[in-house]
Amino acid sequence: MSLAHDTRVTVRPTAAVQRSRLRGWPEIDNPAAWAVAAILLIMPLIANGFFLIEIFATTLILGLMALSLMFLAGYGGMVSLMQLTIAGFSAYMVAVFGASGNANISLGWPWWLAVPMALALATIFGTLGGALAVRTEGIYTIMITLAIGAAFYYFTNQNWAIFNGHTGINTVATPHFWGVNWRADIPFYYIVLAVAALCYFAVDYISRAPFGLALQGVRDNPRRMAALGFNVNAHRVAAYAFASFVAALAGVLQVWNYRQISPGSVSVGACIDILIIAVVGGITRPIGPFIGALIFVLLRTFALDFLVKLGLDGNRFRLLIGLGFLAIVFWSSDGVIGLWQSWRRRQRSGAASSSGRHGREAGRESGQGSTQGSRHG
Amino acid sequence: MTRFVERHPAWALIVIIAIAVALWLIFAVWPQGLEDAVGRKRVFLNALFNGITLGGLYFLVASGFTLIFGLMRNVNLAHGSLYLFGGYVGYAISAATGSWVLSFIVAFILTALVGVLLQVLVFRRMEGQDLRQTMVTIGLSIVFADLMLWACGGDFYQIQTPNWLIGPVELPLVTAVKSSGEPVYLRYPLVRLVIFAASVVIGVAMWLALNRTRIGMIIRAGVDDRDILAATGVRIQLVFVVVFALGAGLAGVAGVVGGTFQSLSPGEDIRFLLASLVVVIVGGMGSIPGAALGALIIGLAEQLGSVYIPTYAIVVTFLIMVLVLAIRPQGLLARR
Amino acid sequence: MAGKLVENLAKDPPKDPAMDSVAQRLSVVGAGAALELRGVTRLFGALAALTDITITVRPGERRAVLGSNGAGKTTLFNCITGDFPPSSGTIRFFGEDVTHFPPYERIRRGLRRTYQISALFPGLTVQDNVYLACRGVSRGRFSFLRPGQNDALMHAAENLVQAVHLSGVKDQRVAELAHGQQRQLEIALALAGAPRFVLFDEPAAGLSPTERAELIEILTSLPAHIGYIIIEHDMDVALRVVESVTMMHNGRIFKEGRPQEIESDPEVQELYLGGGHE
């Protein structure tokens, strides 16, 4: 019961593109991708501190969490609702092992010890959760991972010894070294951008490596994978391990961003937000989660003004998110990218119909469209 | 039963010993040493009864969830919203008319109606697409939660217990013996006992309906093998609508119950959704007896946990789920 | 085409050192049978899909399993590959007791199968499908590194794709292939790596006469050391590619023998050629 079965995109890959994808980076011959990369790199020149951190860094961090879900759901067919929980666990561990305002809890390790510790523990946590989730199939995964996420939320609320109950851990220390305050707006933006880019390319790269291909095979037909010599569950757990690491990285960035962590950040609603981000952006390609995160963050930041302008109650942000999510689920099999692509295709095929080409060839010429289409599995 | 004993003699022995210990703990007067070690018997019995009655409430919520899942493979993550909706409706009716019983009826009808609308307008269009349906229920739960927050605000509501149910009742269970030799009996809120009895009645009625009536047979056949349904020429859509209405209506009734002996506020929807998830994961998806067993286990674990290991109560619940998934991933009473 | 395939299979030595060691051990032990089932029974609830099946197949032997629908043929395959473990009985593969092995362990020891209804990876390309098959029986299943220019498995996969006449569509997603092409791909997946024994589940289902001829050519020209069991309703196909036949009926073995004996057996004709099969 993989996601891809439900959301199969009709974009056809083409031989030429596919061959070039086997070894090279797909974005290299895509001008739009270069433009986006350039804009992201010079962003501190364009945007002020508010936009840089509140919009773009936050987008990239949420996008990273959603990317870890996209990896599991899009390639592995496993919709995990605990990715935010893993990130939150990692954030808590940074706060607990590192230094914070809650001296009775924090151990005060330097960041270069606390962070690897947090990453390792969060990855283990996510892998164990995954090992539990893969014991059942398909749709049960959602239920089990949601239960894990909710249990963690209630636990952080109840536990004071490590998680400091509902107040959480505040004034978490951020790294200072080489004379730079890395939590200052511009350095922090570049850290986040670097980590996000790294994870994005890693996911993209792995999708064509044996591990990623095998994962897509597991998604499409687990039984056949076993009949080809693959240990299907081991592959699934390994996928959870990788996705957990990505989510854990996002958690470290998150706790540095807000300098605090509390149960509110790992609530069930927040877990579901990650799913919404990934689905709205498009769950079959690594770029989708980041697009979804941008939409989500923009909405969250400006919904108040927007709704008031429409003469509505500004507090109805969640309603807007819910309705938008429903609309996407109803009308697009692949998030906003899917919508955009089918629109592009319609435009193309409309223009090309006179010369007798059909949609598939039209797709090949719309560089971006077919590049991304071919990545779909 | 005898087959179970034959197949798993060790497990059967453990179960029998556990039951015997539990019975002794309930009926015997605790020796002083035990009271010193784990606390007063009254506390234990109260936690036990709270656990059992909470289990009754969980069963009401989870049975609808498991029925809908079993027949339609629809993981209805908006089930918690239906619970909360039923609770708010019940509160409104009981506040307006003062009738507790009427609030149950109206809550059942209205939530069942919402269920029917959902099935007819939404889920019928995406039959067989498990994941898409689940996504839709997630979206719906967000929309419902915000609409209810809009309508009812963030306040706590509690439904007024009717006069004839207020106050404790003395049960024939000795909690302690006074120095004069006079036994002290357990006093327990009547309303919780009545509600528990009602949920047992509902559970038994559901079991009978599923096992003894024609439509019940059809539903059960559908839970086991959905292709059978299509083959029997039954109007499958009608069966789906009926089951969805029943499942949603039960969630609504549970909302009134929850609103009576706990309280209603935003966030309760998530809490009861989680409870339903854990109950059906433990008990077995699609199984009514499984939901009953799971609800009892989780209710007891939560209440006993919160008395004896307060900061780790949620961990106990969670560990039970982990244990079941590790040993019997399909759930305790599921067939597959 | 078939000649090419044989060439590829012959050229391809076993990649997995673990498999080499198995082969070595077997040559020492001297395996009498490629596949040996003893008293295999499989129950579904109260229903017995297989009852007391005992079969011995020599290395390199080619055998057909015939029987009407519901005779238990595919269940037999599922028990041999481990998709469903048998309820009782033992299964030995080249002398090794594999009864309780998970499917992938049996596959890594040289067992292969095809599926009656194509079980492919519709979201992946033809080339990737075959590549996965090659990867599954070699090391590096968890590799995070993309295959390079001279990746041996990539070449093996390309050769295999060529051998089943799918080079022209190797970069298409499997979901877009025609039925016949999917059946050919199904066979390619089962021949990846170094198969020692293959289970073909109705490979000719839905094929055109030309495609059937090609299939027969593939089967008859497989290297001599590769044995197989084939389930096939088409007697013309089945009896031309095997040297022995097992008849199944109601989950039991009904008759065993040479193709000619079976074909002329009056009981068989009564039961199968006359009744169940038209």
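Counting restarts for each chain, with residues numbered from 1 along the sequence as it is written. Both sets of labels track the order of writing: A upward for chains, 1 upward for ligands. Residue-level local features of this predicted model are given only where pLDDT is at least 70; pairs of side-chain atoms are given and counted only at 80 or more, and the full residue set underlies all totals for whole chains, interfaces and linings. Where side-chain values are given, they derive from all heavy atoms of the structure, hydrogens and water being excluded.

Draft legend 1. Focus on the overall build of chain B. Summing up its helical and strand segments, chain B has 14 helices and 2 strands in all. Burial classification: accessible surface area is computed with a 1.4 Å probe over protein chains only, and a residue below 20% of its type maximum counts as buried, one above 50% as exposed, and the rest as partly exposed. When each of the 336 residues of chain B is scored for burial, the buried share is 50%. Entry remark: accessible area of chain B is about 15000 Å², with carbon and sulfur atoms responsible for 69%. Numbering of helices and strands starts at the N terminus; helices are DSSP runs of H or I of at least 4 residues and strands are runs of E of at least 2. Using a 1.4 Å probe, the Shrake-Rupley method yields the accessible areas, and only the shown protein chains count as cover for residues.

Draft legend 2. Seen up close, the overall build of chain C. In terms of helices and strands, chain C carries 11 helices and 10 strands. A burial count over chain C gives 57% of its 278 residues as buried. Sequence separation of at least 24 residues holds for 68% of the intrachain contacts in chain C that already meet a minimum separation of 6. Accessible surface, chain C as shown: approximately 11000 Å² in total, 52% of it carbon and sulfur. Note on contacts: a residue pair qualifies if any of its non-hydrogen atoms lie within 4.5 Å across the two residues.

Draft legend 3. Representation of the nonpolar core. Only buried residues count toward a nonpolar core. Its members are Ala, Val, Leu, Ile, Met, Phe, Trp, Tyr and Cys residues joined through side-chain atoms within 4.5 Å. In terms of nonpolar packing, the biggest core is built from 185 residues, with Leu 64 and Phe 71 of chain A together with Met 321 of chain B touching the most fellow members. Per element, the largest residue contribution to this core is 17 residues, and it comes from helix H5 (residues 49–76) of chain A. Formed by 59 residues, the second largest nonpolar core is a distinct cluster that contains Val 130, Ala 133, Leu 177 and Ala 188 of chain C.

Draft legend 4. Molecular detail of a nonpolar patch on the surface. Exposure above 30% relative accessible area and the absence of a salt bridge qualify a residue for a patch, where like charges join within 9 Å and nonpolar side chains (Val, Leu, Ile, Met, Phe, Trp, Tyr) within 5 Å. Here, a salt bridge means any side-chain nitrogen of Lys or Arg that lies within 4 Å of a carboxyl oxygen of Asp or Glu. A grouping of Ile 39, Leu 41, Ile 42, Leu 45, Ile 46, Ile 186 and Tyr 190 of chain A is seen on the molecular surface, where their side chains present a nonpolar patch of about 700 Å² in accessible area. Examined against the element boundaries, Ile 39 of chain A turns out to sit in helix H3 (residues 31–41).

Draft legend 5. Spotlight on the packing of helix H5 (residues 79–97) of chain B against helix H7 (residues 130–152) of chain B. Residues and elements named next belong to chain B. Where helices are involved, their axes are fitted lines through C-alpha atoms of the stretch in contact, as for all axes, and angles between N-to-C directions lie from 0 to 180°. Their axes nearest at 10 Å, the elements H5 and H7 cross at an angle of 20 degrees. Between H5 and H7, the crossing angle belongs to the class labelled roughly parallel. Crossing angle aside, the handedness with which H5 passes H7 is left-handed. Along the contact surface, H5 presents Ser 81, Leu 84, Phe 85 and Tyr 88, while H7 presents Ser 141, Phe 144, Met 148 and Cys 152. Here is the rule for angles: anything less than 35 degrees is roughly parallel, anything more than 145 is roughly antiparallel, 65 through 115 is roughly perpendicular, and the remaining ranges are oblique. A clockwise turn of the near helix away from the far one marks a right-handed crossing, whereas an anticlockwise turn of less than a right angle marks a left-handed crossing.

Draft legend 6. Seen up close, the pairing of strand E3 (residues 62–66) of chain C. Residues and elements named next belong to chain C. Extensive coverage of E3 is indicated by the burial of 5 of its 5 residues. The two faces of E3 match: Arg 62, Ala 64 and Leu 66 on one face and Arg 63 and Val 65 on the other face are all buried. The rule for pairing is simple: two strands pair if DSSP sees at least two bridges between them. Pairing between E3 and strand E8 (residues 227–231): 4 bridges, direction parallel. In the strand pairing of E8, Arg 62 is matched with Tyr 228.

Draft legend 7. Geometry of the pattern of salt bridges. Within this structure, the stated rule accounts for 16 salt bridges over all chains. A salt bridge links Arg 318 of chain A to Asp 273 of chain A, with the shortest nitrogen-to-oxygen separation between them at 3.3 Å. Within this pair, whereas Arg 318 of chain A is found in helix H15 (residues 317–331), its partner Asp 273 of chain A is found in helix H13 (residues 268–281), the two being separated by 45 residues in sequence. Its relative accessible area of 26% is what places Arg 318 of chain A among the partly exposed residues. Put simply, Glu 96 of chain C and Arg 109 of chain C hold a salt bridge, and the shortest N to O gap is 2.9 Å. You can see Glu 96 of chain C sitting in strand E5 (residues 96–97) and its partner Arg 109 of chain C sitting in the loop between helix H4 (103–108) and strand E6 (111–113), a full 13 residues away along the chain. Each member of the pair Glu 96 of chain C and Arg 109 of chain C is classed as buried. Here the salt bridges do not stand alone but share partners, grouping Arg 223 of chain A together with Asp 83, Arg 113 and Asp 201 of chain C into one network.

Draft legend 8. Representation of the confidence of the model for chain C. Along the chain, pLDDT gives the predictor's confidence residue by residue, from 0 to 100. Averaged over all residues, the pLDDT of chain C equals 79, while 86% of them reach at least 70. Throughout residues 24–30 of chain C the model reports pLDDT below 50, and contacts reaching past four residues in sequence, or to other chains, amount to 4 contacts.

Draft legend 9. Representation of the sheet that holds E8 of chain C in the model. Residues and elements named next belong to chain C. The strand order across the open sheet formed by 6 strands is E6-E7-E8-E3-E9-E10, and the pairing between neighbours is mixed. Each end of this open sheet is capped by a strand with a single partner; those strands are E6 and strand E10 (252–257). Each strand axis lies, on average, 20 degrees off the axis of its neighbour in the sheet, ignoring direction. The pairing of strand E9 (residues 244–249) with E10 spans 5 bridges and is classified as antiparallel. Across the sheet, His 249 pairs through a bridge with Arg 252, a residue of E10.

Draft legend 10. Geometry of unusual backbone geometry. The backbone of Arg 259 of chain A sits at a positive phi, close to 60 degrees, despite the residue not being glycine. With respect to the helices and strands, the residue Arg 259 of chain A is situated in the loop between helix H12 (232–258) and H13. Using a relative accessible area of 37% as the deciding quantity, one classes Arg 259 of chain A as partly exposed. For Phe 94 of chain C, which is not a glycine, the phi torsion comes out positive at approximately 50 degrees. Its location among the elements puts Phe 94 of chain C in the loop between strand E4 (88–93) and E5.

Draft legend 11. Looking closely at the side chain of Asp 273 of chain A. We classify Asp 273 of chain A as buried; its relative accessible area is 11%. Setting aside chain neighbours within four positions, we find Asp 273 of chain A in contact with Phe 296 and Arg 318 of chain A.

Draft legend 12. Spotlight on the interface of chain A and chain B. Taken together, the contact between chain A and chain B spans 37 residues of the former and 43 residues of the latter. Two parts placed together each lose some accessible area under a 1.4 Å probe, and adding up what both lose gives the buried area. The three residues of chain A that bury the most area against chain B are Ile 139, Met 143 and Arg 316 of chain A, which together make up 16% of that side's buried surface. Identification of polar contacts relies on pairs of N or O atoms within 3.5 Å, with a donor-acceptor requirement for protein atoms, meaning one able to donate a hydrogen and the other able to accept it, and with residues adjacent in sequence counted only if both atoms are side-chain atoms. Taken together, the links from chain A to chain B amount to 5 residue pairs in polar contact (both at pLDDT 80 or more). For the side of chain A that touches chain B, the secondary structure elements donating two or more residues are helix H1 (3–6), helix H8 (140–158), H13 and H15 of chain A. Looking at the side of chain A that touches chain B, the element that brings in the most residues is H8 of chain A, giving 12 residues. Classes in brief: Ala, Val, Leu, Ile, Met, Phe, Trp, Tyr, Cys and Pro nonpolar; Asp, Glu, Lys and Arg charged; the others, Gly included, polar. When its residues are assigned to classes, the side of chain A that touches chain B shows 27 nonpolar, 5 polar and 5 charged.

Draft legend 13. Region of interest: helix H10 (residues 210–220) of chain A. Taking burial as the measure, the 11 residues of H10 of chain A include 11 buried ones, the bulk of the element. For H10 of chain A, the set of buried residues is Pro 210, Phe 211, Gly 212, Leu 213, Ala 214, Leu 215, Gln 216, Gly 217, Val 218, Arg 219 and Asp 220 of chain A.

Draft legend 14. Expanded view of the packing of aromatic side chains. Here a Phe, Tyr or Trp ring, Trp counted by its six-membered ring, pairs with any other such ring whose centre lies within 6.5 Å, and the pair is stacked when the planes are under 30 degrees apart, edge-to-face when over 60, and tilted otherwise. Counted according to the given criterion, the structure contains 27 aromatic pairs over all chains. Here the aromatic rings of Phe 49 of chain B and Tyr 188 of chain B are separated by 5.2 Å at their centres, their planes lie at 50 degrees, and the arrangement is tilted. With a gap of 139 residues between them, Phe 49 of chain B in helix H4 (residues 41–72) and Tyr 188 of chain B in strand E2 (residues 183–189) connect regions that are remote in the sequence. Taking relative accessible area as the criterion, Tyr 188 of chain B reaches 0% and is therefore assigned buried. Taken together, a centroid distance of 5.6 Å and an interplanar angle of 85 degrees make the contact between Tyr 88 of chain B and Tyr 157 of chain B edge-to-face. One end of the pair, Tyr 88 of chain B, is in helix H5; the other, Tyr 157 of chain B, is in the loop between H7 and strand E1 (168–177), and 69 residues separate them in sequence. Judged by its relative accessible area of 18%, Tyr 157 of chain B falls in the buried class. Feature note: the residues Phe 89, Tyr 92, Phe 125, Phe 152, Phe 155 and Phe 163 of chain A constitute an aromatic cluster, connected by ring pairs. Sitting over the ring of Phe 254 of chain C, Lys 255 of chain C keeps its end group 5.7 Å from the ring centre. Our definition puts a charge over a ring when NZ of Lys or CZ of Arg is within 6 Å of the ring centre and also within 35 degrees of the ring normal.

Draft legend 15. Molecular detail of the environment of Ser 208 of chain C. All names here are of chain C. Counting through the fold element by element, Ser 208 comes out in the loop between strand E7 (197–201) and helix H8 (209–220). You can call Ser 208 partly exposed: its relative accessible area is 28%. For Ser 208 and Gly 180, which are 28 residues apart along the polypeptide, the C-alpha to C-alpha distance reads 7.7 Å.

Draft legend 16. Looking closely at the sheet that holds strand E1 (residues 35–44) of chain C. Residue and element names in this part refer to chain C. With antiparallel pairing, 4 strands are arranged side by side in an open sheet as E2-E1-E4-E5. If you trace the sheet from one side to the other, it starts and ends with strand E2 (47–57) and E5, each paired once. With 2 bridges joining them, E4 and E5 adopt antiparallel strand pairing. Its bridge partner being in E5, Arg 92 is matched across the sheet by Asp 97. Taken strand by strand, helix H3 (residues 73–81) contacts E1, E2 and E4, and its axis lies near 115 degrees from that of E1.

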